[in-house]
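What follows is each chain in one-letter form.
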Amino acid sequence: MQNEPIHVLLADDDEDDRNIFIDALNELKINTVVQTVKDGQELIDHLTQDNNLLPHVLFLDLNMPCKTGLDCLIEIKRIDRLKDVAIAIYSTSSSEKDIEETFIRGANVYIKKPNNFSSLKKVLSQVITINWQYHTSGLNRDNFLLSL
Amino acid sequence: MNLRGTFNSSTFLKSIFVAALFVFIYISSVSYKHSVSLSKSTELVVHSHKVHIELEQLMSYLKDAETGQRGFIITQDSMYLQPLVIARKKINRSFKILKQLTKDNLYHKKNLDTLSHLINIRFTFLEISAKLSLVTPVNKRILDKTILKGKGVMDNIRVEINKMIDLEMSNLKIRQTKYEDDAYFTPIFMLSLVLFSLLVFVISYIKINKDLVTLQKANQELIINNAAFKQAEILGDFCYTRWDLKTNKLIYSDNLYNLLGCEPHSFEPTVENFIKFIHPEDRNIVATGAENVISNDMVYIRHYRIIRKDGELRYFKSLGKIITDDEGNKIHIGIGKDITQNQLDNLALKEKNRELEQNNAELASFNHIASHDLQEPLRKIQLFISRIDDQEGHTMSEKGKEYFVKIQNAANRMRTLIDDLLLFSRANKAEKTFEITDLNLLIEQAQQELIETIDEKKAQILTDQLPVLNVIPFQIQQLFLNLIGNSLKYSKANVAPIIKISCEKIVAQDYPILKADDKKTFFKISFADNGLGFDQQYAESIFILFQRLHQSNQYSGTGIGLAICKKIIENHAGFIYAEGQPSIGATFTLFLPE
């Protein structure tokens, strides 16, 4: 569909989740380039290296050791070069508190990690093909949590 | 007891006594005047009589003289001349008396002068005629002429005397009338005044007596009240102070000394002495408080600490107020209370509360974390189950496939349990934002969420008009969702479920089952279904967490749904009850306060 591959970056401390994420993306018929980082610090280091390409979409797990997803979100939004990267929160939690906080901090979409593989594929294809410019302008608290 | 009334009547008494005093002075002066005038009248009457008598006397002396002269002329005996001389003397004396008696009466004086002249002439004639009778021969003609002349003078004298007597008699008559008048009216006047005074005194006496009884009663009451107050002070750990701002005199109640750990009246009641017992850090509070009471005339409450004589720290609360007595004096009344026990209880309660809150928070976070952290591995189990199912499912043996489905079901059930537990912990949490909400909207949204099951079971839901209430919207929606979901879940196989939702406004007193104030109004919302129902003996236990009436493989319940309902209803200060009849249906009734 697209000539240019879509760059996707995942920050998740769980190895299984990283692998399944990559599997799911690979099974999608979309031209993507996936990169993964193991924790918040690695994510920030990766993003702040000037010669690294910025991802089109960043999938951010919240519950990570040391630097949590929320910490990363706050930090990214402070950096001019990074603040326009689309950020999809990718978490097991669906607590009101987490949803509220990440919305306020400027995340673009909130995904609850699905329980089965086919749901995962569906969610990823949806998120990757979003027209971010359009999505962001119509973003509100009600459509922030992506419903399956 | 109306002491003010008694005080007022003492002014009344004072005025009565002042009036009585004036009446007495008046009575005394009037009676004095009357007595004086009476004695004057008497004197005047006596005087008139004296004058009268004296005049008669005078007349009789003259007659004596005449008789003597006649005797002498006839007998030529000088013995008869004797009375003449005596009469002359007596007449002179009588004249003197008369002059004395009538010295204030000009008319009498003139008459007396005339009379004296006439008497002198009369005597001259008497003497002349006596001498003439001695001459021999007697010149009868001259003698007769002299005697005749003398007789004429005598007639004049008689006329004159009679004139005087008449005057005196008419005077006497006037005086007599005046005297009689005085003598008649004085006693009546005096008597009526005495009677009037007596009346005043009797009234005053009755009044005094009555006031005395009232005062005695008031006094008695005061004594009893005082005794009761003293006991109350001791029992209630309070005390009072009275501070006369004019005389700067302070009075402390006995219990104040007791509360300070001292013997009553063991030190002089002064502000300085009291300040000594106050904790140094709190002295300012007491001083500014008193100033505020005095300058702003308002009731002022203060809290401060007291260090008792034995060094024990006590907490005090006091109230100051200015009252103004009948004479306009300002008096500062202070009531102090030892609130140490209260204070300690409060602190203990606060500590307990804090512990409780901490425990609660720990429990809530345990529940939350447990549910979350449990989700993580479960999600992976489910994810890998779906991977195996996708990729290796077709290579598995029949037995393997059967076991695999069981694993899948168990994992799904675990998922439901965790989700429900999360819901329960959410209903438990303190985020309770009440909003005025249309319950019709909430029930509609709940139905929307269940639309698939409703369609699948061909269920009919009949809903009354529901009210607009102040509720926590997402919780009430959850409540409706759980109740409708419950009815759908426990419906009879092959019978289309019918759920009737009815609503009415009720007053608590008509429903003794509600433990609420009689006058409080509630909305009674019932969910009645035609499902499996249940035995009434389980009507209460179904609301307990994890309590289930059906085997787990038969129905997919977790035993949390109704516990959540109960929690939500409790959050809204309402009530929920269940009624069931096996294989006829169940009714869940909610009472939500208006």
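Let us look at the structure shown here. Please read these numbers as outputs of a predicted model, since none were measured by experiment. Residue numbers restart at each chain and count upward from 1, following the sequence in its written direction. Naming scheme: in the order in which they are written, chains are lettered from A and ligands are numbered from 1. Owing to the predicted nature of the model, reporting of local features is limited to residues with pLDDT of at least 70; listing and counting of side-chain atom pairs is limited to 80 or more, with chain, interface and lining totals taken over all residues.

## Quick notes on the overall build of chain A
Part 1 of the argument: What chain A contains, in helices and strands, is six helices and five strands.
Part 2 of the argument: Each helix is a run of H or I in the DSSP string that is no shorter than four residues. Each strand is a run of E no shorter than two, and both are numbered from the N terminus. Counted from the first residue to the last, chain A has its helices and strands arranged as β-α-β-α-β-α-β-α-β-α-α.
Part 3 of the argument: The buried share of chain A, reckoned over its 148 residues, is 32%.
Part 4 of the argument: Any pair of residues counts as being in contact when their C-beta atoms, constructed from backbone geometry, are within 7 Å of one another. A separation of at least 24 residues holds for 72% of the contacts in chain A among residues at least 6 apart in sequence. Backbone-placed C-beta atoms define the burial measure: a residue is buried with 20 or more other C-beta atoms within 10 Å of its own, exposed with 12 or fewer, and partly exposed in between.

## Description of the interface of chain B and chain A
Part 1 of the argument: With eleven residues of chain B in contact, the opposing surface of chain A contributes nine residues.
Part 2 of the argument: The element contributing the most residues to the side of chain B that touches chain A is helix α8 (residues 340-392) of chain B, with ten residues.
Part 3 of the argument: All amino acids are sorted into three groups, where Ala, Val, Leu, Ile, Met, Phe, Trp, Tyr, Cys and Pro are nonpolar, Asp, Glu, Lys and Arg are charged, and the leftover types, Gly among them, are polar. When the residues that make up the side of chain B that touches chain A are grouped by side-chain class, the tally is one nonpolar, four polar and six charged.

## Re the nonpolar core
Part 1 of the argument: By our criterion, buried Ala, Val, Leu, Ile, Met, Phe, Trp, Tyr and Cys residues that link up through C-beta atoms within 7 Å make up a nonpolar core. The biggest cluster of nonpolar side chains holds 41 residues, and the ones touching the most others in it are Phe480, Ile564 and Cys565 of chain B.
Part 2 of the argument: Those elements giving two or more residues to this core turn out to be α9 (398-428), α10 (439-449), α12 (473-489), β9 (498-507), β10 (521-529), α13 (561-571), β11 (575-581) and β12 (585-593) of chain B.
Part 3 of the argument: Dropping the residues within four chain positions of it, Phe480 of chain B is found in contact with Leu442, Ile443 and Ala446 of chain B.
Part 4 of the argument: Judged by nonpolar contacts, the second largest core, of 34 residues, contains Leu10, Ile20, Leu43 and Ile76 of chain A.

## Some details on the sheet that holds β12 of chain B
Residues and elements named next belong to chain B.
Part 1 of the argument: Reading across the sheet, the five strands line up as β7-β9-β10-β12-β11 and stay open at both edges, with mixed pairing between neighbours. Where the open sheet ends on each side, the last strands, each with one partner, are β7 (460-463) and β11. For this sheet the average axis-to-axis angle between neighbouring strands, irrespective of direction, equals 15°.
Part 2 of the argument: Strand pairing requires that DSSP identify at least two bridges connecting the strands. Pairing of β9 with β10, which is carried by nine bridges, proceeds in the antiparallel orientation. Bridging from a neighbouring strand, Ile499 pairs with Asp529 of β10. Note on definitions: angles span 0 to 180 degrees between N-to-C directions of axes, and those axes are lines fitted to C-alpha atoms, for helices only across the stretch in contact.

## Some thoughts on helix α3 (residues 69-78) of chain A
All names here are of chain A.
Part 1 of the argument: By the burial criterion, the buried members of α3 are Gly69, Leu70, Cys72, Leu73 and Ile76. Looking straight down α3, one finds that the buried residues subtend no more than 160° of arc, so they occupy a single side.
Part 2 of the argument: Where α3 is buried, its residues meet β1 (6-11), α2 (40-48), β3 (57-60), β4 (86-91) and α4 (96-104). Within this analysis, the arc is defined by the directions that extend from the helix axis to the C-beta atoms.

## A few points about the pairing of strand β2 (residues 32-37) of chain A
Part 1 of the argument: Relative to β2 of chain A, β1 of chain A is paired through six bridges, and the arrangement is parallel. Following the sheet pairing, Ala11 of chain A is matched in β2 of chain A by Val37 of chain A.

## Notes on the packing of helix α1 (residues 15-27) of chain A against helix α5 (residues 117-128) of chain A
Residue and element names in this part refer to chain A.
Part 1 of the argument: At their nearest, the axes of α1 and α5 sit 9 Å apart, and the two run at 65° to each other. With respect to their mutual orientation, α1 and α5 come out roughly perpendicular. As for how α1 packs across α5, the hand of that crossing is right-handed. Residues Ile20, Ala24, Leu25 and Glu27 of α1 lie in contact with α5, whose contacting residues are Phe117, Leu120, Lys121 and Leu124.
Part 2 of the argument: Class assignment of the residues belonging to the contact of α1 with α5 gives a composition of six nonpolar, no polar and two charged. Roughly parallel here means an angle under 35 degrees, roughly antiparallel means over 145, roughly perpendicular means 65 to 115, and every remaining angle is called oblique. Each crossing is labelled by how the near helix is turned from the far one, with a counterclockwise turn of less than a right angle marking it left-handed and a clockwise turn marking it right-handed.

## Some words on helix α4 (residues 140-236) of chain B
Residues and elements named next belong to chain B.
Part 1 of the argument: One fewer than the residue count of a helix, multiplied by 1.5 Å, yields its expected span. In this model, α4 (97 residues) spans 138 Å end to end at C-alpha, consistent with the 144 Å of a helix rising 1.5 Å per residue.
Part 2 of the argument: Residues Thr146, Gly150, Met154, Ile157, Met164, Glu168, Leu172 and Glu233 constitute the buried set of α4.
Part 3 of the argument: Just downstream of α4, Asp237 is the residue with a positive phi angle, here 55°.

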